[in-house]
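# What the coordinates show
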Amino acid sequence: MQKWIMSGLFVIAGALALVLMFTLPSREQAEQEAKPQLPEITMNAEQAEAIVKANCISCHGDTLQGGAGPNLQKIGSQLSADQLYSIITKGKGGMMPSFKDRLKEEEIANVAMWLAEKK
Ligand code: HEC
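Residues numbered from 1 in each chain as written. Predicted model: local features only at pLDDT ≥ 70, side-chain atom pairs only at ≥ 80, totals over all residues. Heavy atoms only, no water.

Counting 20 residues, the largest nonpolar core has Ile-88 and Leu-115 as its most contacted members. The element contributing the most residues to this core is helix H6 (residues 105–116), with 7 residues. Every residue in contact with Ile-88, bar those within four places of it in the chain, is listed here: Met-96, Pro-97, Ser-98, Phe-99, Lys-100, Ile-108, Val-111, Ala-112 and Leu-115. (Core = buried A, V, L, I, M, F, W, Y, C linked by side-chain atoms within 4.5 Å. Buried < 20%, exposed > 50% of the residue type's maximum accessible area, 1.4 Å probe, protein only. Helix = DSSP H or I, 4+ residues; strand = E, 2+ residues; numbered from the N terminus. Contact = heavy atoms within 4.5 Å.)

Shown next, in the form of structure tokens:
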């Protein structure tokens, strides 16, 4: 009789452990939330240029030479597409706006990849 109770408890404990393993947010997930992840897309230079013209040149200059914001003409030699994606998504300092609500993730990713090639 007691044996049955014990094995029943083991089964329940095992099931609980399994559920917890799959539902507890892993450390990786927490890190991903803090740092936006670059979605996998194929870069489209024409679209990137159009987005940059519409959203960025007012501060970064019409040839990205700089203005209110820094020069971005060789930004790819300093920052990776991942880092650029994070900056454009979240903004930087008090002056560089966040584009999270203004552009789609794919659009930000496209611009990030386009800028990352500017070396
Ligand atoms: C309202 C003005 C403004 C707009 C619009 C703007 N930026 Fe910025 N940006 C800034 C400023 C100012 C900084 C410098 C922030 C700092 O370092 O504190 C900056 C910094 C950056 C940086 C980091 C540069 C570095 O050397 O660390 C990147 C990359 C960037 N902007 C890209 C963009 C892109 C792409 C867009 C358009 C989608 C954009 N910015 C639109 C003002 C702007």
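Structure's up, so let's keep going.
A word on the coordination of the iron atom of the ligand. Angles at a metal have ideal values that depend on geometry: 109.5 degrees with four tetrahedral donors, 90 or 180 degrees with six octahedral donors. Bound to the iron atom of the ligand are the protein donor atoms His-60 (NE2) and Met-96 (SD), situated 1.9 to 2.0 Å from the metal. Residue classification places Met-96 among the partly exposed residues on the basis of a relative accessible area of 22%. (Donors = N, O, S within 2.8 Å, 3.2 Å for Na, K, Ca; no water.)

Moving on to the UniProt feature "domain: Cytochrome c" (unreviewed entry) in the protein. Feature annotation in UniProt places "domain: Cytochrome c" (unreviewed entry) on residues 43–119, given in this structure's numbering. End-to-end, the C-alpha atoms of residues 43–119 are 16 Å apart, and along that stretch the chain is 48% helix and 0% strand. (UniProt positions renumbered as here; feature names shortened; annotations may be inferred.)

Looking at the largest pocket, its volume works out to about 530 Å³. Forming the boundary of the largest pocket are 27 residues, of which His-60, Pro-70, Leu-72, Ile-87 and Met-96 lie nearest the centre. Broken down by secondary-structure element, the contributors of at least two residues to the lining of the largest pocket are helix H3 (45–55), helix H4 (57–60), helix H5 (81–90) and H6. (1 Å grid on protein atoms, 1.4 Å probe; cavity = no way out; pocket = protein on both sides within 12 Å on 5 of 7 lines; lining within 4 Å. Points joined across faces, edges and corners; volume = space filled by probe spheres on them.)

Quick look at the UniProt feature "binding site: heme c" (unreviewed entry) in the protein now. On the UniProt side, "binding site: heme c" (unreviewed entry) is annotated at positions that read Cys-56, Cys-59, His-60 and Met-96 here. For the annotated residues, spread through 41 residues, the largest C-alpha to C-alpha distance comes to 9.9 Å, consistent with a single compact locus. Lining the largest pocket, from the residues named above, are Cys-56, Cys-59, His-60 and Met-96. Turning to its location among the elements, Cys-59 is positioned in helix H4. Of the residues examined, Cys-59 reaches a relative accessible area of 34% and is grouped as partly exposed. Structurally, the position occupied by Met-96 is in the loop between H5 and H6. Contacts of Met-96, omitting those with residues within four sequence positions, involve His-60, Ile-87, Ile-88 and Gly-91.

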